[in-house]
Each structure stands twice: as structure tokens, then as C-alpha cells.
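Survey of secondary and tertiary structure
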Amino acid sequence: MRTYLNPFRLTSLLLVLYCLGHTFGALVSTPHFGLESDAVMAAMKSVHFKADGSDCTWFGYYLGFGFDVSIFFLFSAVLTWFLGGLSLPDQRRWAPITWALFVSYAATLVLAVRYFFPTPIVFSSLITLLLGIQGIKLTRTPRTTPAGPRSAM
């Protein structure tokens, strides 16, 4: 019997929360960290430059790449929810995807520790941990073979 809240499903829930926090806490509502920070943000919005013939700002890059990250979180949430609904033998077939997600989120953990603050560090740590637990579980689970008639010796 499958449990509904397995490591994949818990990862999915964390990813939805991470996506919402990232999107609404950093992109939709740009945080204010004081006068110097506000001056940098104003310059990012007002200074225009050409990149491959397009009119750009650093704030546009900030928003564009930020929304890209949110989309990655949301896709990862959908994928882990899907994986969490599969039987264990079916999950084993998707083990390379599990490990790819693990490596991706381990890399986000390194970036969070280097460049960010406690909240993304905690989310990245928990997501990486849950994906690692599930990956190990899939690696250690013995392959099932179809039951067939036993031959008499």
C-alpha cells in the first residue's frame, strides 16, 4: 500500500511554498532593504542598454530570471507530485530523474548558502534531503520480478 505523503509528495509541497515565497516575496513585491538598496533598485529600473538589439534593464533581467526560477520550482513540484503517485517499481524506472532533481537542488543549496539567506537555505536543504532519501530508497529497493510458476527440482 502506497502512502500518500511520501518524500516526493512532501518535496512537491515544499516546492509550491518555495515558488510562492520566491515569486511574491522577491518578484511581485520587491523587498526594501534601506535607502542604498532602493537606490540600486531604482538604477536597475532606469538605466537602459541594448542587448542583441533589444532595449533592456538590469531590473528586467532580475525579473525575467526570477520568474524563470519560479517556473523551475513549479515544474519540479508538478514532477515530484507525479512521481509520488507512482508505485515503487514505477518510481524505480524514474530513478535517473530523481537523481537529476537531487543534483539540481543540491546545486541550489550551494548557491543559497553562498549568495542568499536562511529561508532559501532551509527550503533547498529540505528539498535536497527528501530527494536524496527517496533516491537512496529507490536504489536500495530490490527489483521485483514477475511471479511465475516454480519449476520442481
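In this report, we go over the structure that sits alongside the text. Treat the numbers as computed from the prediction; the structure is a model and nothing was measured.

Observations regarding the packing of helix α1 (residues 7-28) against helix α6 (residues 118-140)
Interaxial distance between α1 and α6 falls to 9 Å at its minimum, and their mutual angle equals 160 degrees. Taken together, the axes of α1 and α6 are roughly antiparallel relative to one another. The handedness of the crossing between α1 and α6 comes out as left-handed. In this structure, α1 contributes Pro7, Phe8, Leu10, Thr11, Leu14, Leu15, Leu17 and Tyr18 to the contact, and α6 contributes Pro120, Phe123, Ser124, Leu126, Ile127, Leu130, Leu131, Ile133, Gln134 and Leu138. The class makeup of the residues in the contact of α1 with α6 is 15 nonpolar, three polar and no charged.

As for the packing of aromatic side chains
In this structure the tally under the stated criterion is 13 aromatic pairs. Measuring from centroid to centroid gives 5.3 Å for Phe72 and Tyr105, while their planes differ by 15 degrees, and the two rings are stacked. Placement of Phe72 in helix α3 (residues 58-84) and of Tyr105 in helix α5 (residues 95-115) is noted, with a sequence separation of 33 residues between them. Using a relative accessible area of 32% as the deciding quantity, one classes Phe72 as partly exposed. When its relative accessible area of 0% is taken as the criterion, Tyr105 is described as buried. With 6.3 Å between their ring centres and 25 degrees between their planes, Phe73 and Tyr105 make a pair best called stacked.

Considerations on the side chain of Gln134
Topologically, Gln134 is positioned in helix α6. Overall, Gln134 belongs to the buried group, its relative accessible area being 1%. A distance of 2.7 Å separates a polar atom in the side chain of Gln134 from a polar atom in the side chain of Gln91.

What counts and how
- Residues numbered from 1 in each chain as written.
- Predicted model: local features only at pLDDT ≥ 70, side-chain atom pairs only at ≥ 80, totals over all residues.
- Heavy atoms only, no water.
- Axes fitted to C-alpha atoms, helices over the stretch in contact; angles between N-to-C directions.
- Helix = DSSP H or I, 4+ residues; strand = E, 2+ residues; numbered from the N terminus.
- Parallel < 35°, antiparallel > 145°, perpendicular 65-115°, else oblique.
- Left-handed = near helix turned anticlockwise from the far one by under 90°.
- Contact = heavy atoms within 4.5 Å.
- Nonpolar A, V, L, I, M, F, W, Y, C, P; charged D, E, K, R; others polar.
- Phe/Tyr/Trp six-rings, centres within 6.5 Å; stacked < 30°, edge-to-face > 60°.
- Buried < 20%, exposed > 50% of the residue type's maximum accessible area, 1.4 Å probe, protein only.
- Polar contact = N/O pair within 3.5 Å; in protein donor to acceptor, adjacent residues only side chain to side chain.

All we've got here are geometric facts, nothing functional implied.
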